[in-house]
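# A closer look at the structure
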Amino acid sequence: MLKPKQLSSIQQASIRKLVHYAYRNTAFYRKRFDDAGVRPESVKSLDDMSKIPFTVKTDLRDNYPLGILAVPLNRLYCLHASSGTTGKPIVVAYTRGDLERWSRLMGRTFDVAGVRKGDIVQNMYGYGLFTGGLGFHYGARAVGAIVVPTSVGNTKRQLMLMKDLQTTVAACTPSYMVYLCEASRAEGYEPRKDFVLRIGLFGAEPWSEEARKRIEDSFGLRAHDCYGMSELCGPGVAIECEQREGLHVWGDEFLVETIDPDTGEVLEPGREGELVFTMLSREAMPLLRYRSRDLSRVFEDECACGRYHSRIARIKGRSDDMLIVGGVNVFPSQVEHVLMNVPGLGDQYQIIVSHEELDRLTVKVETAKHRLQDPELTKTVQEDLYATLGIRANVEFLEEGTLPRHEGKARRVVDLRPKE
Ligand code: DLL
């Protein structure tokens, strides 16, 4: 385990290297630093962090697809993508070294949660552009566990395999695991008898202590909260250790700060604000002081587990309007982008998120009376939403003038999910 001194000397050495690397190899950071009047050599230690300008999600969108690359294309090994704020996703690039580092971090993440060689990991995170599937896959391989790549959905088959293969580790979004509590009983299973799950690795969306209790009581497993985001490679940024009093952020790879989301002012450890991350040794796409929009707090006191990596509290919410629907990130602006590009729709729309067994997304939009029952229009909107969001939405047409108008900010999103 890294001692505090080792950790801070890695961080001090890495930050200097990183700033020079980003400045030298990306036009984006060169311009960002020059515009802010910051010379890379002026960042000498962690105390100079606040000189570094923030990077935000729209920077990645504006540089779509690969504008922030610091290496030639032929050094890339893999690309992933996540939701952008409009029609285009955010593309994340990895060199071989980045992939190996990510695998190592995921391996550590699994190890901290107690996953061992011989464990059978049912990986119910989506395989594909989303980083969850492959990230957890690499983690399982890194600790020598046996990975069953079931990916998302097909609940009956998930349960059948969980029983027949005697899965010991479940990896999926917490909302899906809560759903499996009910679904397993509805399918005639007795979860504590039929399954031998001992560990759960849950993340990609906010969840509560109540959800943890429900999952643990149903399955008799120990549930760990895992945090990450595509821009920072994917999962593997932070994980709860056996103490489960906050999530350890892997400090030799990620620097974490907290800022006031309105003013950008850096906050003392312990105060709640927006998390800002710097990835210390990413090759393909360096990311400096990236504003996550996730709200939490950092605590640096020693953990009873003996690890010195600082911890973040469970994510409390977001400082932007991003919704997470069944683990998938959805920006209202993406929905608007789709609707505005379909001829025949009105300007007023509403996004409803509800929860009946699983999260559901409904988009209500106004249109002319004669098109209210137009199956072609429904199909177009559904398909375009699916193409942009990556999840299916119900579409309802309403007569023009039906949706509530607001004088101030439009209230476009109605989130009906129970607040636990
Ligand atoms: O959700 C990566 C991931 C996959 C993490 C699997 C954990 C497990 P994105 O799709 O880019 O990446 O979404 C990142 O999801 O900024 C948070 O708002 C939210 N999020 C991720 N993990 C947690 C968590 C993956 N444990 C965004 N608790 C982040 C609360 C989470 N929110």
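Attention in this report is confined to the structure presented alongside it. (Residues numbered from 1 in each chain as written. Predicted model: local features only at pLDDT ≥ 70, side-chain atom pairs only at ≥ 80, totals over all residues. Heavy atoms only, no water.)

### A look at the sheet that holds strand S9 (residues 247–249)
Put simply, the rule reads: In this analysis, strands are considered paired if DSSP registers two or more bridges between them. Each helix corresponds to a stretch of at least 4 residues labelled H or I by DSSP, and each strand to a stretch of at least 2 residues labelled E; elements are numbered beginning at the N terminus.
A sheet is described by the order of its strands in space; here 9 strands give the open sequence S4-S3-S5-S6-S7-S8-S9-S14-S13, paired in mixed fashion. Every interior strand has two partners, whereas the edge strands, strand S4 (146–148) and strand S13 (298–299), have only one.

### Remarks on the environment of Asn25
Formally: Working definition: with a 1.4 Å probe on protein chains only, accessible area under 20% of the residue-type maximum means buried, over 50% means exposed, and in between means partly exposed. Throughout, a contact is declared for two residues whenever any of their heavy atoms are within 4.5 Å.
Among the secondary structure elements, Asn25 is positioned in helix H1 (residues 4–25). Under the relative-accessibility criterion, Asn25 is labelled partly exposed at 30%. Each C-alpha atom of the pair Asn25 and Arg75 lies 14 Å from the other, and the pair is 50 residues apart in sequence. Those residues in contact with Asn25 that sit more than four places away from it in its chain are Arg30, Leu69 and Ala70.

### Here's the deal with the nonpolar core
One broad rule of soluble globular proteins: the nonpolar side chains tend to lie buried together. What counts here: We call a set of buried Ala, Val, Leu, Ile, Met, Phe, Trp, Tyr and Cys residues a nonpolar core when their side-chain atoms join them within 4.5 Å.
Judged by nonpolar contacts, the single largest core of 71 residues is most densely connected at Leu201, Tyr227, Phe277 and Ile312. The biggest single contributor to this core is helix H4 (residues 96–112), with 6 residues.

### Concerning the side chain of His80
Short version of the rule: Here a polar contact means two N or O atoms within 3.5 Å. Within protein one must be a hydrogen donor candidate and the other an acceptor candidate, and residues neighboring in sequence count only if both atoms are side-chain atoms.
You can see His80 is positioned in strand S1 (residues 76–82). At 3.3 Å, the side chain of His80 forms a polar contact with the backbone oxygen of Gly128. Among all residues touching His80, those that are not within four sequence positions of it are Ile90, Val91, Val92, Tyr94, Trp102, Gly128, Leu129, Phe130, Thr131 and Leu134.

### Here we look at the sheet that holds strand S15 (residues 317–318)
Read from one edge to the other, the open sheet built from 4 strands follows the order S10-S11-S12-S15, with strand pairing classed as antiparallel. Only two strands of the sheet have a single partner each, and these edge strands are strand S10 (254–259) and S15.

### Things to note about a negative patch on the surface
So the rule is basically this: By definition, no residue in a patch forms a salt bridge, and every one has over 30% relative accessible area; like charges are joined within 9 Å, nonpolar side chains (Val, Leu, Ile, Met, Phe, Trp, Tyr) within 5 Å. Shrake-Rupley sampling with a 1.4 Å probe provides the accessible areas, and residues are treated as covered by the protein chains on show and by no other component. By convention in these notes, a salt bridge is any Lys or Arg side-chain nitrogen within 4 Å of a carboxyl oxygen on Asp or Glu. A residue counts as positive if it is Lys or Arg and as negative if it is Asp or Glu; His and the chain ends are not included. To locate a charge, take NZ of a lysine, CZ of an arginine, CG of an aspartate or CD of a glutamate.
On the surface, Glu336, Asp347, Glu399 and Glu400 cluster together to form a negatively charged patch. With respect to the element layout, Glu399 can be found in strand S20 (residues 394–399).

### Side note on the state of the cysteines
By definition, a disulfide links the sulfur atoms of two cysteine residues through a covalent bond. Basically, it comes down to this: Note on terminology: pairs of cysteine sulfur atoms within 2.5 Å are recorded as disulfides.
One pass over the structure, following the stated rule, counts 0 disulfides. Here Cys172 is not disulfide-linked; the sulfur of Cys181 is the nearest cysteine sulfur, at 9.5 Å. Residue Cys233 stays outside any disulfide, its sulfur separated by 9.8 Å from that of Cys78, the closest cysteine.

### Here we look at unusual backbone geometry
Backbone torsion omega between Tyr64 and Pro65 reads -10 degrees, so that peptide bond is classified as cis. Residue position: Pro65 is located in the loop between helix H3 (57–62) and S1. The backbone phi angle of Gln166 is positive, close to 55 degrees, even though this residue is not glycine. Relative to the assigned elements, Gln166 resides in the loop between helix H6 (155–164) and strand S5 (169–172). If you check the backbone angles, Arg293 has positive phi at about 70 degrees while not being a glycine. By the secondary structure assignment, Arg293 is in strand S12 (residues 290–296).

### Structural notes on the packing of aromatic side chains
Within a pair of aromatic rings, the relevant descriptors are the distance that separates the centres and the angle that separates the planes. Short version of the rule: Paired rings are identified among Phe, Tyr and Trp, the last through its six-membered ring, by centres lying within 6.5 Å, and are further divided according to the angle between planes into stacked (under 30 degrees), edge-to-face (over 60) and tilted (the rest). Whether a charge lies above a ring is judged from NZ of Lys or CZ of Arg, which has to be within 6 Å of the ring centre and within 35 degrees of the ring normal.
Enumeration over the complete set of coordinates arrives at 11 aromatic pairs. Seen in terms of ring centroids, Tyr189 and Phe195 are 5.2 Å apart; in terms of plane orientation they differ by 35 degrees. Their pairing is tilted. Phe195 matches Tyr189 in its accessibility class, with the two residues each being buried. An aromatic cluster of three or more residues is present, and its members are Tyr94, Trp102 and Tyr138. Sitting over the face of the ring of Trp250, Arg108 holds its NZ or CZ atom 4.7 Å from the ring centroid. When the ring centre of Tyr386 is taken as origin, the NZ or CZ atom of Arg392, which lies over that ring, is 3.7 Å away.

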